[in-house]
Amino acid sequence: MFKEPQPRSSRLANGMQVLSVPMPHLHTLSVGVYVKTGSRYEVARDNGLSHFVEHMLFRGTENHPSSLAINLAFEALGSGLHAETARDYSLYQVSVEPDALGACLALLAEVLSRPRFDDLELERRLILEESTEDYDEAGKEINGYDLVRSLMFGSDPLAQRIMGPTANLERFDVQDLRRHFQSFYGASNLVCCAAGP
């Protein structure tokens, strides 16, 4: 008979909340780290920084100084690092064999605590290209979700686009990224979730 998993919650000395969900019937382990940052927590001038920072964390760390190095490190564990930015959170997620949990957590900790913020202009071009998906050939916004949110929420931060306006994307510099990272990526603003055997 299937037994409902019982989540466990604890808080580390540094303030990070940890949730674990024992699921002994599974063969892989999923780890997700949620960061309480997204367009909802941005002032208009910073709108888009949460998404930009998420992209920049893939650009390397002290020990893995390039996007290739960081991707190869995750692939060596049998997974890739997946990330997304929403209005209420940013998420970094990996699925690995249970034996790789320690190495997985160490690598995630490195990505979330020691980014290099290199290759800014390359990543800026990628984000600007990604943002064009929300506009038609005439430059008119066509993203229905963003249009509805702007009508519903008006001047509230919930109306802001996750990627932010083009003017912000073209203006952000490394100091902006570091400021946003230091404001939101502290341990007490993170929730680490693990589910698996």
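So, how was this worked out
Residues numbered from 1 in each chain as written. Predicted model: local features only at pLDDT ≥ 70, side-chain atom pairs only at ≥ 80, totals over all residues. Heavy atoms only, no water. Polar contact = N/O pair within 3.5 Å; in protein donor to acceptor, adjacent residues only side chain to side chain. Helix = DSSP H or I, 4+ residues; strand = E, 2+ residues; numbered from the N terminus. Buried < 20%, exposed > 50% of the residue type's maximum accessible area, 1.4 Å probe, protein only. Lys, Arg positive; Asp, Glu negative; His and termini not counted. Salt bridge = Lys/Arg side-chain N within 4 Å of Asp/Glu carboxyl O. Contact = heavy atoms within 4.5 Å. Pairing = 2+ DSSP bridges. Axes fitted to C-alpha atoms, helices over the stretch in contact; angles between N-to-C directions. Parallel < 35°, antiparallel > 145°, perpendicular 65-115°, else oblique. Left-handed = near helix turned anticlockwise from the far one by under 90°. Nonpolar A, V, L, I, M, F, W, Y, C, P; charged D, E, K, R; others polar.

**Student:** Can you help me understand helix H5 (residues 144-153) in this one?
**Tutor:** In an α-helix there are 3.6 residues to a turn, and that puts residues three or four apart on one side. One side-chain oxygen at the N-terminal end of H5 lies 3.0 Å from the backbone nitrogen of Tyr 145; it belongs to Asn 143. Of the residues trailing H5, Gly 154 is marked for its positive phi of about 55°.

**Student:** Is there a simple way to explain the side chain of Glu 54 in this structure?
**Tutor:** Note that Glu 54 resides in helix H1 (residues 49-56). In this structure Glu 54 is buried but unpaired, with Arg 59 as the nearest side chain of opposite charge at 11 Å. Within the structure, Glu 54 has its side chain in polar contact with the side chain of Thr 85 (distance 2.5 Å).

**Student:** In this structure, what is going on with the environment of Arg 124? I would like to understand it.
**Tutor:** Mapped onto the elements of the fold, Arg 124 is located in helix H4 (residues 120-131). On the basis of relative accessible area, Arg 124 is assigned to the buried category, the value being 8%. Leaving out residues up to four positions away in the same chain, Arg 124 has contacts with Phe 52, Leu 169, Glu 170, Arg 171 and Phe 172. At 2.6 Å, the side chain of Arg 124 forms a polar contact with the backbone oxygen of Leu 169.

**Student:** Hey, could you run me through the sheet that holds strand S1 (residues 8-11) in this one?
**Tutor:** The strands that make up a sheet are held in pairs by hydrogen bonds between backbone atoms, and each pair lies either parallel or antiparallel. An order of S1-S2-S6-S3-S5-S4 is seen for the 6 strands of this open sheet, with the pairing classed as mixed. A strand with exactly one partner marks an edge of an open sheet, and here the two such strands are S1 and strand S4 (82-85). Adjacent strand axes in the sheet meet at a mean angle of 15° when their direction is disregarded. One ladder, built from 7 bridges, connects strand S3 (residues 29-35) with strand S5 (residues 90-96); its direction is antiparallel. Counted as the bridge partner of Val 33 is Tyr 92 from S5.

**Student:** Would you take a moment to explain the pattern of salt bridges for this structure?
**Tutor:** One pass over the structure, following the stated rule, counts 12 salt bridges. Note that Arg 161 is salt-bridged to Asp 146, the shortest N-O span being 3.5 Å. Of the two residues, Arg 161 sits in the loop between H5 and helix H6 (166-171) while Asp 146 sits in helix H5, which places them 15 residues apart along the sequence. Pair check on accessibility: Arg 161 and Asp 146 agree, each one buried. Shared partners join several salt bridges into a network, and the residues in it are Arg 87, Asp 134, Glu 141, Asp 146 and Arg 161.

**Student:** Help me understand the pairing of strand S2 (residues 17-22), please; the structure alone is not making it clear to me.
**Tutor:** Here is the key point about a regular strand: its side chains alternate between the two faces of the sheet. Both S1 and S2 contribute to a ladder of 4 bridges, which runs antiparallel. In the sheet register, Ser 9 faces S2, and the bridge partner there is Leu 19. In this structure, the hairpin formed by S1 and S2 is closed by a connection of 5 residues, where Gly 15 is found at a positive phi of approximately 100°. Both S2 and strand S6 (residues 190-196) contribute to a ladder of 6 bridges, which runs parallel. Bridging across to S6, Leu 19 finds its partner in Cys 193.

**Student:** Explain the packing of H1 against H4 to me, please; I cannot follow it from the model alone.
**Tutor:** Axes are the key here: two packed helices are described by the angle between their axes and the distance separating the axes. Where H1 contacts H4, the axes come no closer than 10 Å and their chain directions differ by 125°. For the element pair H1 / H4, the angle class is oblique. In this structure, the crossing between H1 and H4 has a hand that is right-handed. Judged by residue contacts, His 51, Phe 52, His 55 and Met 56 of H1 engage Leu 120, Glu 123, Arg 124, Ile 127 and Glu 130 from H4. A breakdown of the residues in the contact of H1 with H4 according to their chemical character gives 4 nonpolar, 2 polar and 3 charged.

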